[in-house]
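Residue strings, one per chain:
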There are 2 protein chains.
Amino acid sequence: MATKTTENTPLSPEKAIRIQDKHRKIILAAIKVFARKGFFSARISDIAQEAEVADGTIYLYFNNKYDILISIFEEEIGKIIVDIKERINQEEDPKRMLRLFAANHMRLVKERKDLSEVLQMELRQSNKFMREYRNTRFIEYVDIISRIIHKGQELNVFRKDVLPGVAKRAFFGALDETARLWILSPTNQYTIEEAANQISSIFLSGIEQAN
Amino acid sequence: MATKTTENTPLSPEKAIRIQDKHRKIILAAIKVFARKGFFSARISDIAQEAEVADGTIYLYFNNKYDILISIFEEEIGKIIVDIKERINQEEDPKRMLRLFAANHMRLVKERKDLSEVLQMELRQSNKFMREYRNTRFIEYVDIISRIIHKGQELNVFRKDVLPGVAKRAFFGALDETARLWILSPTNQYTIEEAANQISSIFLSGIEQAN
DNA sequence: GAATCGCAAATGAATATACATTCATTATTA
DNA sequence: TAATAATGAATGTATATTCATTTGCGATTC
């Protein structure tokens, strides 16, 4: 569900770049506005204003308001997944992989606070109003964790009685909830890096194979 | 923000009961409808229909749509807190307390699926459209965890380098996220009781004082 | 015991508002 | 000049909230 224009007509390179520019500009504006107001309270005219385009222009690039949200999921998480997978593939040790995942997740939360808020909120809300949209991107992201755990079990680093399907959610949930509260009041007792560290440590000594 | 009627005139006992009945009836209907559609997509007339009252009747008991949501938080979480605190006070061992909290949380999720969905969703969304409403109930609930951890540290059962403020969120987040996914597809590989168990185990061996 | 009264509670049609979306018009570009 | 892109005012819709009216019920009178 992204750009409407490119459907039938191939574009010259310059044009494609220009169009993508405006598409991205709207996405970035929408992330800001959704983060500030939430999806439902955000008006198209807010997004248009933030993106410095006319209301109608948005409909040249997106089919409707939902479509903007879905595009945020697809495009932004998509990039994040590619990036973290690449980083993790450079590691050998499952323990370090998990620490890396946590650190990377929290870094993203810090660096892209608005995006994090949107993803967090709408992740919950979404199943209600876009029943048809299965959030495969998100599933893919969390599955990175279960694959690490599975690998660790094969290497006898992690306990075999841990269910990867539960552990992945527990780990992700721990990070996500800690991040959520951190966003709400960044004047906290702890830094987000500390939090990532603590959570990794607790979790790792929780699933470590005793020997 | 609850009942509007009782403001000036004291009521006979029977009447008070009748009114509370209808108030509750609307709350329960709203929980169902909000769970099904989400707060924003839920229409007042949906709630009225579910509660078998007229649209206008709802405004005799609540000031507006938000007020219904806030009342759900206040009243329903309120009861849950009282209940879990009582259960936990009957325990001595911090480890058992944590297990009890997890088991109880998951039992609630299972038994009151609709309520869980509403709390989970709107917890995230709420800060956007009810900025002024500080969700003290929720904070109180999660603080039960940090108090257990703190106590365990005093008794030398839990590691002292664990920050209770981080750990409480990590633990709650782990439960909450696992529950969320479980709700979405209850035909899962694991039961919710297993999940509670796993999470407790992982977390406990993660924060245990080595000796 | 029936008839009447008065008040609180409930009703639901009407109102008002907010906003997503459209599209006739204008600007830009090649 | 023709085609494409952008504009923003106008439209239509959806629905939260209101309020004039009706209903239900206990108390009071005869």
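Above this note sits the structure.
Residues numbered from 1 in each chain as written. Chains lettered and ligands numbered in written order. Predicted model: local features only at pLDDT ≥ 70, side-chain atom pairs only at ≥ 80, totals over all residues. Heavy atoms only, no water.

Enquirer: Hey, could you run me through helix 2 (residues 44–51) of chain A in this one?
Expert: An α-helical turn contains 3.6 residues, so a residue and the one three or four places further along point in the same direction. If you check which residues of helix 2 of chain A are buried, you get Ile44, Asp46, Ile47, Ala48 and Ala51 of chain A. Immediately beyond the C-terminal end of helix 2 of chain A, within one or two residues, lies Glu52 of chain A, with a positive phi of roughly 60 degrees. (Buried < 20%, exposed > 50% of the residue type's maximum accessible area, 1.4 Å probe, protein only. Helix = DSSP H or I, 4+ residues; strand = E, 2+ residues; numbered from the N terminus.)

Enquirer: Just to check I follow, could you spell out the relation of the copies chain A and chain B for this structure?
Expert: A rotation about some axis, followed by a shift along it, carries one copy of the chain onto the other. Rotating chain A by 180 degrees about the axis while translating it 0.0 Å along that axis superimposes it on chain B, leaving an RMSD of 0.0 Å. Read as a symmetry element, the transformation amounts to a two-fold axis. With an isologous cut-off of 70% or more, the 98% of interface residues of chain A that recur at the interface of chain B puts this contact in the isologous class. (Least-squares fit on C-alpha atoms with pLDDT ≥ 70 in both. Contact = heavy atoms within 4.5 Å.)

Enquirer: Could you clarify how one ought to interpret the protein's contact with DNA strand D in this entry?
Expert: Neighbouring DNA strand D are 16 residues, the closest being Ala54, Thr57 and Tyr61 of chain A together with Ile44 and Tyr59 of chain B. For DNA strand D, the fraction of protein-proximal atoms (within 4 Å) that sit in sugar or phosphate groups is 72%. Note that a phosphate oxygen of DNA strand D is positioned 3.0 Å from one of the side-chain N or O atoms of Lys22 of chain A. When contributions to the surface near DNA strand D are tallied by element, the ones reaching two or more residues are helix 1 (13–37) and helix 3 (55–61) of chain A together with helix 3 (55–61) of chain B. Among the elements that line the surface near DNA strand D, the one with the most residues is helix 3 of chain A, at four residues. Here the surface near DNA strand D is built from residues that sort into eight nonpolar, five polar and three charged. (Near = heavy atom within 4 Å. Polar contact = N/O pair within 3.5 Å; in protein donor to acceptor, adjacent residues only side chain to side chain. Nonpolar A, V, L, I, M, F, W, Y, C, P; charged D, E, K, R; others polar.)

Enquirer: What is the right way to read the protein's contact with DNA strand C from this model?
Expert: Close to DNA strand C lie 16 residues, the nearest being Ile44 and Tyr59 of chain A together with Lys22, Thr57 and Tyr61 of chain B. In DNA strand C, the atoms that sit within 4 Å of the protein are 72% sugar and phosphate, with bases accounting for the remainder. Secondary-structure elements contributing two or more residues to the surface near DNA strand C are helix 3 of chain A together with helix 1 (13–37) and helix 3 of chain B. Top element by residues in the surface near DNA strand C is helix 3 of chain B. It accounts for four residues. Looking at side-chain class alone, the surface near DNA strand C contains eight nonpolar, five polar and three charged residues.

Enquirer: Honestly, the interface of chain A and chain B in this entry has me stumped. Any pointers?
Expert: Across the contact, 47 residues belong to chain A and 46 residues belong to chain B. Taking both sides of the interface into account, the surface hidden between chain A and chain B amounts to around 3700 Å²; carbon and sulfur atoms contribute 58%. Linking chain A with chain B are zero salt bridges. Linking chain A with chain B are eight residue pairs in polar contact (both at pLDDT 80 or more). For the side of chain A that touches chain B, the secondary structure elements donating two or more residues are helix 1, helix 6 (113–129), helix 8 (164–184) and helix 9 (192–207) of chain A. No other element matches helix 8 of chain A, which puts 13 residues into the side of chain A that touches chain B. (Buried area = accessible area lost by both parts, 1.4 Å probe. Salt bridge = Lys/Arg side-chain N within 4 Å of Asp/Glu carboxyl O.)

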